[in-house]
Amino acid sequence: MDREQEELQFLGFFGILNESFAILSSRRKIFGQIALSTILPLSFVFLAHIQISELLFGHILHDEYALDRTQVGTPNYQKLSDMLSSEWLTFWLFKLVYFIFSLILSLLSTSAVVYTIACVYTAKEISFKKVMSVVPRVWKRLMLTFLWNFIIVFIYNVGFALVLIFWVFLIGPSTFGILVGVVVLFLYFLGFVYISLIWRLASVVSVLEDAYGIEAMIKSKDLIKGKMTVAFAIFMLLGLCFWGIQMAYEKNVVFGDWVWNRIVFGIICFNLLVILILLGLTIDTVIYFVCKSYHHENIDKSALADHLEVYLGDYVPLKSKDVQLEQFAV
């Protein structure tokens, strides 16, 4: 990141993408090591989860089909019923294990990439060993921020469910009701994207500042003002790419016919997913610096560099006075 802080505020959609690619290309070795140690396992877990979930759910559908055509009260019916209960339990336990592993790997990847980019920003020498020594300490802060995001999303979804109940009983599936339903779904989608953007930026704040949890969410909400449009556009682009990789994997690997075709597409989707996750985390960090510049919040590079030091194995979170509201002249 060779740009001056004052210049970052003028980066738009393509400027942020170019800056992200430039950062990755300038430190290919260390980002490659981070990708191999955290992002590659995360991508493998995600794609394996799709494959295994489809396999488990396929067995459930087959047994439910057989149960519907079996006479109630017979020994065979009881056997199928018990088998279905066991399969559903296995399915949801697998989902829980997947969620835990993917969450841990996701937070580890975020902390490693954000910390590394901060070192690049301050022109500090950085090694893979140093990054990995910092990651466990930063990870705890990211977990608290995630938990607050989870609570907010849960409350948001409960509110949306209440709105749907209100829509079903008071408006109904009339022409006007369908129109209202479409508007409500669109607003829900916008709100969900907004919360997701705030959380992604809050994850960066949790690593680079002393704020985490709800404080980081509030901080990121203020930071993203003025750059919401470009952040939304980039988020949608990343989301479409992620969706495209997932659809291609399901079509050509999960439901594919030819073995070699499944292997080739599996490797392609796997590599694309690793690159996409690494790029997405880099973009999140660049957007953070762009938002700081846009709000004229000067970051003291020397103070930031001091806090990034881990030579004694001690990670010291950045203080507000160092990175938050030191105004510079425009």
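The structure reproduced in this document is the subject of the present report. (Residues numbered from 1 in each chain as written. Predicted model: local features only at pLDDT ≥ 70, side-chain atom pairs only at ≥ 80, totals over all residues. Heavy atoms only, no water.)

Remarks on the pattern of salt bridges
Point 1. This model, assessed by the stated rule, comprises four salt bridges.
Point 2. Residue Asp-222 is joined to Lys-221 by a salt bridge in which the shortest nitrogen-to-oxygen separation is 3.6 Å.
Point 3. Residue Asp-222 is classed as partly exposed on the basis of its relative accessible area, which comes to 34%.
Point 4. Owing to a relative accessible area of 30%, Lys-221 belongs among the partly exposed residues under this scheme.
Point 5. Lys-225 is the partner of Asp-222 in a salt bridge, and the nearest nitrogen-oxygen pair spans 3.7 Å.
Point 6. One salt-bridge network, held together by shared partners, links Lys-221, Asp-222 and Lys-225. (Salt bridge = Lys/Arg side-chain N within 4 Å of Asp/Glu carboxyl O. Buried < 20%, exposed > 50% of the residue type's maximum accessible area, 1.4 Å probe, protein only.)

Digging into the side chain of Ser-20
Point 1. Mapped onto the elements of the fold, Ser-20 is located in helix α2 (residues 13–26).
Point 2. Residue Ser-20 is classed as buried on the basis of its relative accessible area of 0%.
Point 3. Among the polar contacts made by the side chain of Ser-20, one reaches the main-chain carbonyl oxygen of Ile-16 at a distance of 2.8 Å.
Point 4. Other than its neighbours up to four places away in sequence, Ser-20 contacts Leu-279, Thr-282, Ile-283 and Val-286. (Helix = DSSP H or I, 4+ residues; strand = E, 2+ residues; numbered from the N terminus. Polar contact = N/O pair within 3.5 Å; in protein donor to acceptor, adjacent residues only side chain to side chain. Contact = heavy atoms within 4.5 Å.)

A few points about the environment of Phe-91
Point 1. Checked against the element boundaries, Phe-91 lands in helix α4 (residues 75–121).
Point 2. When its relative accessible area of 7% is taken as the criterion, Phe-91 is described as buried.
Point 3. Expressed as a C-alpha distance, the spacing of Phe-91 and Ile-60, which sit 31 residues apart in the sequence, is 9.0 Å.
Point 4. Ignoring anything within four residues of it in the chain, the contact list for Phe-91 reads Ser-53, Leu-56, Phe-57 and Ile-60.

Details of helix α9 (residues 259–294)
Point 1. With 36 residues, α9 extends 51 Å between its outermost C-alpha atoms, agreeing within 8% with the 52 Å of an ideal straight helix rising 1.5 Å per residue.
Point 2. One or two residues past the end of α9 sits His-296, with phi positive at roughly 60°. (Expected span 1.5 Å × (residues − 1).)

Some details on the environment of Leu-142
Point 1. Within the element layout of this structure, Leu-142 appears in helix α5 (residues 128–170).
Point 2. With residues near it in sequence (within four places) discarded, Leu-142 still touches Leu-107, Thr-110, Ser-111, Ser-203, Ser-206 and Val-207.

Some words on the packing of aromatic side chains
Point 1. For the coordinates displayed, the defined rule picks out 15 aromatic pairs.
Point 2. Residues Trp-88 and Phe-91 carry aromatic rings whose centres are separated by 5.8 Å and whose planes lie at 85° to one another, so their mutual orientation is edge-to-face. Of this pair, Trp-88 and Phe-91 both sit in helix α4, three residues apart, which is roughly one turn of the helix.
Point 3. On the numbers, 5.1 Å between centres and 80° between planes, the contact of Phe-91 with Trp-92 is edge-to-face. (Phe/Tyr/Trp six-rings, centres within 6.5 Å; stacked < 30°, edge-to-face > 60°.)

Digging into the nonpolar core
Point 1. With 75 residues, the main nonpolar core has Ile-16 and Phe-31 as its most contacted residues.
Point 2. Every element with two or more residues in this core is listed here: α2, α3 (28–68), α4, α5, α6 (175–208), α7 (214–223), α8 (228–254) and α9.
Point 3. Residue contributions to this core peak at 16 residues, all from α9.
Point 4. Among all residues touching Phe-31, those that are not within four sequence positions of it are Ile-23, Leu-24, Val-113, Thr-116, Ile-117 and Leu-278.
Point 5. Counting residues in hydrophobic clusters, the runner-up holds seven residues, among them Ile-60, Leu-84, Phe-91 and Phe-94. (Core = buried A, V, L, I, M, F, W, Y, C linked by side-chain atoms within 4.5 Å.)

Focus on the side chain of Thr-38
Point 1. Structurally, the position occupied by Thr-38 is in helix α3.
Point 2. Within the structure, the side chain of Thr-38 is placed 3.3 Å from the side chain of Ser-109, a separation counted as a polar contact.
Point 3. Leave out the neighbours within four places in its chain, and Thr-38 touches Leu-105, Leu-108 and Ser-109.

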